[in-house]
Amino acid sequence: MHKTLTDTHGRMVSYMRISVTDRCNLRCKYCAGEALDFIPHPRILRYEEIMDLIGLGHSMGVDKIRFTGGEPFVRKGFADFMVAAAGRFPNMEMCVTTNATLIRDWVEPLSNAGIHRINISLDTLSPEKYEAITGRDMFSTVMENILRCVDAGMTVKVNAVAMHGTNDDELPGFLDFAASNALDFRLIEFMPVGSEPGWSDQAVWKASEILEQAQSLVDLTPSEDNGIRVKGPARMYDIRDGKGRFGIISPYTDHFCGTCNRLRITSDGKLRTCLFSDKTFRLRPALRHPALGLKFVERIIRRAGRKKPIGHELLERMPSGQSVCSTRMASIGG
Ligand code: SAM
């Protein structure tokens, strides 16, 4: 094992989020809209290159990989690649974030390969609203696939972006959904990333409001493993007599930069050390350069990782109403 990667704020980088594609089969209004310029295929990292980066991360102390996108399952061969990665690095935790529209046939193979953690995005429990948000009539497919994952014994986290005027009327349904199913349902504050259409401070359904409203509806107790922000950014709550849990993630009103342990790699091989910063470090040219290769990539990652910024300082410096970076979530890898 090489030296681990610790930044100048004392944060150890142990979590790598890798976007395997910037393409998505949904057109969520707040994330992508209809007009997307996709990255041409030759610029997208090949699976062998991603595998090399995972190996490099492993040697630097990264113990958790999350695959994301765009939608990871739209990329040909993604599930097989994930199974292969899990086999190659059995002591790394491998997880995936997906819209769950395409996972039906992969639940069993992924679960058999030891991939037990899946994050599924679902912003509404109304089929009509789902179509209005995503532009696709796929609510029932997603719901079936969520339940398939739960039945397969996976640890399922269903994430909804909390938006005033979009889903703030659905809290009773969300709580009921979490109480009735063995999963975590989490509301995530709408973030001003990438000039999101429709983002404004007023559109953010804030964590404090959500918690107050939820507590007036059901009996919530902070979950024991909360260890606030030790295991992750979510504040989780047990629901009395519920099978699942309810959680809130507040990147906007109550940041968790102090414990951020993440690096992000975009599908075209750019390293981002903070979601809220446009600063990127290009890994692909070094990866593809016959004389430079992984040793050089490691140097770039170490240099970038050491200077990982405190994102909320960036957020606070922004004039109100503006996004903090110019790249959309679908391109960065949410
Ligand atoms: N396609 C996959 C999915 O749907 O989960 C992975 C990529 S998607 C960009 C990852 C997550 O980012 C989704 O849950 C999406 O709702 C969320 N997201 C996109 N824009 C966001 C924003 N401005 N604020 C908060 N979450 C956002």
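Refer to the structure presented above.
Structure report, in brief. Here the structure is a predicted model, which is why all the values come from computation and not from measurement.

Points about the nonpolar core
Generally speaking, soluble globular proteins have nonpolar side chains that are buried together.
Then comes step 1: If you look at the biggest cluster of nonpolar residues, it comprises 89 residues, and the most contacted ones within it are Ile 54, Phe 67, Met 94 and Phe 246.
Then comes step 2: For Met 94, the residues in contact, after removing those within four places along its chain, are Ile 54, Ile 65, Phe 67, Met 82, Ala 85, Ala 86, Phe 89, Ile 115 and Arg 117.

Quick word on the packing of aromatic side chains
Then comes step 1: A complete count under the given rule lists nine aromatic pairs for this structure.
Then comes step 2: When the ring of Phe 67 is compared with that of Phe 78, the centres are 5.7 Å apart and the planes differ by 75 degrees; the resulting orientation is edge-to-face. Residue Phe 67 is found in strand E2 (residues 64-68), and its partner Phe 78 is found in helix H2 (residues 78-88); the two are separated by 11 residues along the sequence.
Then comes step 3: Classification of Phe 67 as buried rests on a relative accessible area of 0%.
Then comes step 4: Exposure remark for Phe 78: the relative accessible area of 1% places this residue in the buried category.
Then comes step 5: Through a chain of ring-to-ring contacts, the aromatic side chains of Tyr 47, Phe 67, Phe 73, Phe 78 and Phe 81 assemble into a single cluster.
Then comes step 6: Over the ring of Phe 281 we find Lys 279, and its NZ or CZ is 4.8 Å from the ring centre.

Some thoughts on the site of the ligand
Then comes step 1: Around the ligand sit 17 residues in total, of which Tyr 30, Gly 70, Glu 71, Ser 121 and Met 191 are the nearest.
Then comes step 2: Gly 70 has a polar backbone atom sitting 2.8 Å from a nitrogen atom of the ligand.
Then comes step 3: Measuring from a nitrogen atom of the ligand, one finds a side-chain N or O atom of Glu 71 at 3.0 Å.
Then comes step 4: Here the ligand, which alone exposes 550 Å², has 92% of that area covered by the protein.
Then comes step 5: Considering only residue class, the shell around the ligand consists of six nonpolar, eight polar and three charged.

Looking at unusual backbone geometry
Then comes step 1: Even without being a glycine, Ala 100 presents a positive backbone phi close to 65 degrees.
Then comes step 2: Mapped onto the fold, Ala 100 is located in the loop between strand E3 (93-98) and helix H3 (107-112).
Then comes step 3: Given a relative accessible area of 0%, Ala 100 falls into the buried group.
Then comes step 4: In this structure, Asp 241 is a non-glycine residue whose phi angle is positive, near 60 degrees.
Then comes step 5: Looking at the element boundaries, Asp 241 is found in the loop between strand E8 (235-239) and strand E9 (245-249).

Focus on a positive patch on the surface
Then comes step 1: Where like charges cluster on the molecular surface, the positive patch consists of Lys 3, Lys 279, Arg 299, Arg 303, Arg 306 and Lys 307.
Then comes step 2: Note that Lys 307 resides in the loop between helix H9 (293-306) and helix H10 (311-317).

Looking at the pairing of E3
Then comes step 1: The element E3 is largely enclosed, with a buried count of five among its six residues.
Then comes step 2: As defined by bridge partners, E2 adjoins E3 across four bridges and the pair is classed as parallel. By the bridge assignment, Arg 66 is partnered in E3 with Cys 95.
Then comes step 3: Regarding topology, H2 serves as the crossover connection from E2 to the parallel E3, and that connection is right-handed.
Then comes step 4: Sheet analysis places E3 next to strand E4 (residues 117-121), joined by four bridges and oriented parallel. When the sheet's bridge partners are listed, Thr 98 is paired in E4 with Ile 120.
Then comes step 5: The β-α-β motif built from E3, the intervening H3 and the parallel element E4 has right-handed crossover chirality.

A short note on the packing of helix H6 (residues 171-180) against helix H7 (residues 207-217)
Then comes step 1: At a minimum axis separation of 10 Å, H6 and H7 run at an interaxial angle of 65 degrees. Classified by the interaxial angle, the pair formed by H6 and H7 is roughly perpendicular. Read as a crossing pair, H6 and H7 show a hand that is right-handed. Listed contacts from H7 to Leu 171, Pro 172 and Leu 175 of H6 are Ile 210, Gln 213, Ala 214 and Leu 217.
Then comes step 2: Looking at the contact of H6 with H7 residue by residue, the classes come out as six nonpolar, one polar and no charged.

Comments concerning H7
Then comes step 1: Buried within H7 are the following residues: Ala 207, Ile 210, Leu 211 and Ala 214. Viewed along the axis of H7, the buried residues span an arc of 95 degrees, placing them on a single side of the element. For H7, exposure combined with an orientation more than 90 degrees from the buried face picks out Ser 208, Glu 212 and Ser 216.
Then comes step 2: Contact partners of the buried residues in H7: strand E5 (155-162), H6, strand E6 (184-189), strand E7 (220-222), E8 and E9.

Thoughts on the sheet that holds E7
Where strands meet in a sheet, backbone hydrogen bonds hold them as pairs that are either parallel or antiparallel.
Then comes step 1: The mixed open sheet is built from 12 strands, whose spatial order is E7-E8-E9-E6-E5-E4-E3-E2-E1-E10-E11-E12. Both outer strands of the open sheet, E7 and strand E12 (280-282), are each paired with one neighbouring strand and no more. In this sheet, adjacent strand axes meet at a mean angle of 25 degrees when their direction is disregarded.
Then comes step 2: The pairing of E8 with E9 spans four bridges and is classified as antiparallel. Counted as the bridge partner of Met 236 is Gly 247 from E9.
Then comes step 3: Lying over the sheet, H2 contacts E2 and E3, oriented at roughly 160 degrees with respect to E3.
Then comes step 4: Sheet strands in contact with H6 are E5, E6, E8 and E9, and its direction is about 145 degrees off that of E6.

Reading the values: the criteria
Residues numbered from 1 in each chain as written. Predicted model: local features only at pLDDT ≥ 70, side-chain atom pairs only at ≥ 80, totals over all residues. Heavy atoms only, no water. Core = buried A, V, L, I, M, F, W, Y, C linked by side-chain atoms within 4.5 Å. Buried < 20%, exposed > 50% of the residue type's maximum accessible area, 1.4 Å probe, protein only. Contact = heavy atoms within 4.5 Å. Phe/Tyr/Trp six-rings, centres within 6.5 Å; stacked < 30°, edge-to-face > 60°. Helix = DSSP H or I, 4+ residues; strand = E, 2+ residues; numbered from the N terminus. Lys NZ or Arg CZ within 6 Å of the ring centre and 35° of its normal. Near = heavy atom within 4 Å. Polar contact = N/O pair within 3.5 Å; in protein donor to acceptor, adjacent residues only side chain to side chain. Areas by Shrake-Rupley, 256 points an atom, 1.4 Å probe, with all protein chains shown as cover. Nonpolar A, V, L, I, M, F, W, Y, C, P; charged D, E, K, R; others polar. Patch = residues over 30% accessible without salt bridge, like charges linked within 9 Å, V, L, I, M, F, W, Y side chains within 5 Å. Salt bridge = Lys/Arg side-chain N within 4 Å of Asp/Glu carboxyl O. Lys, Arg positive; Asp, Glu negative; His and termini not counted. Charge placed at Lys NZ, Arg CZ, Asp CG, Glu CD. Pairing = 2+ DSSP bridges. Right-handed = clockwise from strand over helix to strand, strands pointing away. Axes fitted to C-alpha atoms, helices over the stretch in contact; angles between N-to-C directions. Parallel < 35°, antiparallel > 145°, perpendicular 65-115°, else oblique. Left-handed = near helix turned anticlockwise from the far one by under 90°. Arc of directions from axis to C-beta.

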